[in-house]
Amino acid sequence: MSEAPITVFFLTLSGGMQDAYSYFVRGKVFANAQTGNIVLMSQHFFSGDPSGGLRYLIPLLAFSAGIFAAERIHASFQGSRRIHWRQIIVVLEALILFLVGLLPESKDLAANALTSFCCAMQVEAFRKISGYGYASTMCIGNLRAGMESLSIYLRTRESEKLIRSLHYFGVILTFALGAGLGSYLSASMRHAMIWICSGFLLISFLLMLKTESLQ
């Protein structure tokens with residue numbers, strides 16, 4: 001139920017918008033791209049700006065905590081018949097992001113930490129689209145897998161490899177759409193823009209609930 005393309009579409013839209021939100025609204029910090037945060041953190045620390053370094057270190061630690069939290073939720077609710085553990089994570093993520101939108105500008109550090117925490121839970125919980133491994137909150141792995149599959153298709157003409165590559169390129173395009181939409185809306189909606197991400201996540205929850213009821 002978590003691998004359906006329509007569910008992945010809304011998850012990935014949310015992932016792209018979360019990165020745009022943290023970068024354009026909350027002080028140019030990445031919610032998803034932790035490699036970028038590590039580069040910027042190191043630059044600040046080496047230039048003698050420890051407070052600037054902490055601005056990137058704390059979201060990185062929060063991202064790590066989100067991975068840990070998602071795994072613990074998985075372990076605790078793996079056998080639940082009433083609700084799927086991934087649905088719990090989506091609802092929790094939506095609620096946290098709603099609270100993020102209420103935080104003032106003076107709480108940007110906390111807002112970025114919470115957003116990174118949510119992104120990590122999402123990337124840990126949702127790893128496949130139609131059976132293919134993917135990431136809904138970042139693009140480099142999807143780009144690698146998509147180009148690899150395209151190269152294999154051009155060499156072997158296996159239609160499955162072409163379909164696989166199109167799945168990955170579709171995810172990248174959706175992420176870019178979310179990031180672009182987020183950057184556009186950030187100017188007018190500011191902090192409240194993150195609530196759109198909560199809405200997309202709740203749509204994903206309802207889609208998974210509907211799919212589960214049909215099984």
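Check the entry above for the structure.
Residues numbered from 1 in each chain as written. Predicted model: local features only at pLDDT ≥ 70, side-chain atom pairs only at ≥ 80, totals over all residues. Heavy atoms only, no water.

Chemist: I would appreciate a short explanation of the packing of helix α3 (residues 50-77) against helix α4 (residues 85-100) in the present structure.
Modeler: Geometry of a packed helix pair, given as the angle between the helix axes and the separation of the axes. The contact between α3 and α4 brings their axes to 9 Å, and the two run at 140 degrees. Classed by the angle they form, the pair α3 and α4 counts as oblique. In the packing of α3 onto α4, the handedness of the crossing is right-handed. Here A70, I73, H74 and F77 of α3 come into contact with α4, specifically with W85, I88, I89 and L92. For the contact of α3 with α4, the residue count by class is 7 nonpolar, 1 polar and no charged. (Axes fitted to C-alpha atoms, helices over the stretch in contact; angles between N-to-C directions. Helix = DSSP H or I, 4+ residues; strand = E, 2+ residues; numbered from the N terminus. Parallel < 35°, antiparallel > 145°, perpendicular 65-115°, else oblique. Left-handed = near helix turned anticlockwise from the far one by under 90°. Contact = heavy atoms within 4.5 Å. Nonpolar A, V, L, I, M, F, W, Y, C, P; charged D, E, K, R; others polar.)

Chemist: Got a minute to help me understand the layout of surface pockets in this structure?
Modeler: Vacant regions in the atomic arrangement are exposed by a probe of water-molecule size rolled over the atoms. Considering only enclosed or pocket space, the largest pocket measures out at about 160 Å³ in volume. Lining the largest pocket, in full, are D19, N32, A33, Q34, T35, T137, M138, C139, I140 and F175. Residues belonging to the lining of the largest pocket are distributed by class as follows: 5 nonpolar, 4 polar and 1 charged. (1 Å grid on protein atoms, 1.4 Å probe; cavity = no way out; pocket = protein on both sides within 12 Å on 5 of 7 lines; lining within 4 Å. Points joined across faces, edges and corners; volume = space filled by probe spheres on them.)

Chemist: Looking at this structure, I do not really get the pattern of salt bridges. What am I missing?
Modeler: Opposite charge on two side chains allows them to pair when their charged atoms are near. Scanning all chains against the criterion turns up 4 salt bridges. The salt bridge involving E148 is made with R144; its shortest N-O contact spans 3.5 Å. Highlighted residues: E148 and R144, both in helix α6 (residues 140-156), separated by 4 residues, approximately one helical turn. The exposure class of E148 is partly exposed, given its relative accessible area of 40%. Between E160 and K161 there is a salt bridge, with its nearest N and O atoms 3.9 Å apart. (Salt bridge = Lys/Arg side-chain N within 4 Å of Asp/Glu carboxyl O. Buried < 20%, exposed > 50% of the residue type's maximum accessible area, 1.4 Å probe, protein only.)

Chemist: Help me understand the packing of α3 against helix α5 (residues 108-125) in this model?
Modeler: At their nearest, the axes of α3 and α5 sit 7 Å apart, and the two run at 35 degrees to each other. Considering the relative orientation of α3 and α5, their crossing is right-handed. Contacts between α3 and α5 pair L54, R55, I58, P59, A62, F63, A65, G66, I67, A69, A70 and E71 from the former with L109, N112, A113, S116, F117, C119, A120, M121, V123 and E124 from the latter. A class-by-class count of the residues in the contact of α3 with α5 yields 16 nonpolar, 3 polar and 3 charged.

Chemist: I'm lost on the nonpolar core in this one. Help?
Modeler: One broad trend across soluble globular proteins is that nonpolar side chains are buried collectively. Core analysis: the largest hydrophobic core is formed by 40 residues, its most contacted members being I89, V90, F126 and Y134. Counting residues per element, this core draws most heavily on α4, at 8 residues. Those residues in contact with V90 that lie beyond four places of it in its chain are L11, F126, L201, F205 and M208. Counting residues in hydrophobic clusters, the runner-up holds 6 residues, among them A31, F63, A120 and V123. (Core = buried A, V, L, I, M, F, W, Y, C linked by side-chain atoms within 4.5 Å.)

Chemist: Would you take a moment to explain the packing of aromatic side chains for this structure?
Modeler: Each aromatic ring pair is specified by the distance between its two centres and by the angle formed by the two planes. For the structure on display, the rule yields 5 aromatic pairs. Ring plane angle 80 degrees and centroid distance 5.2 Å describe the contact between F9 and F10, whose orientation is recorded as edge-to-face. Accessibility expressed as a relative area gives 31% for F9, which makes it partly exposed. Ring plane angle 85 degrees and centroid distance 5.3 Å describe the contact between Y23 and F24, whose orientation is recorded as edge-to-face. (Phe/Tyr/Trp six-rings, centres within 6.5 Å; stacked < 30°, edge-to-face > 60°.)

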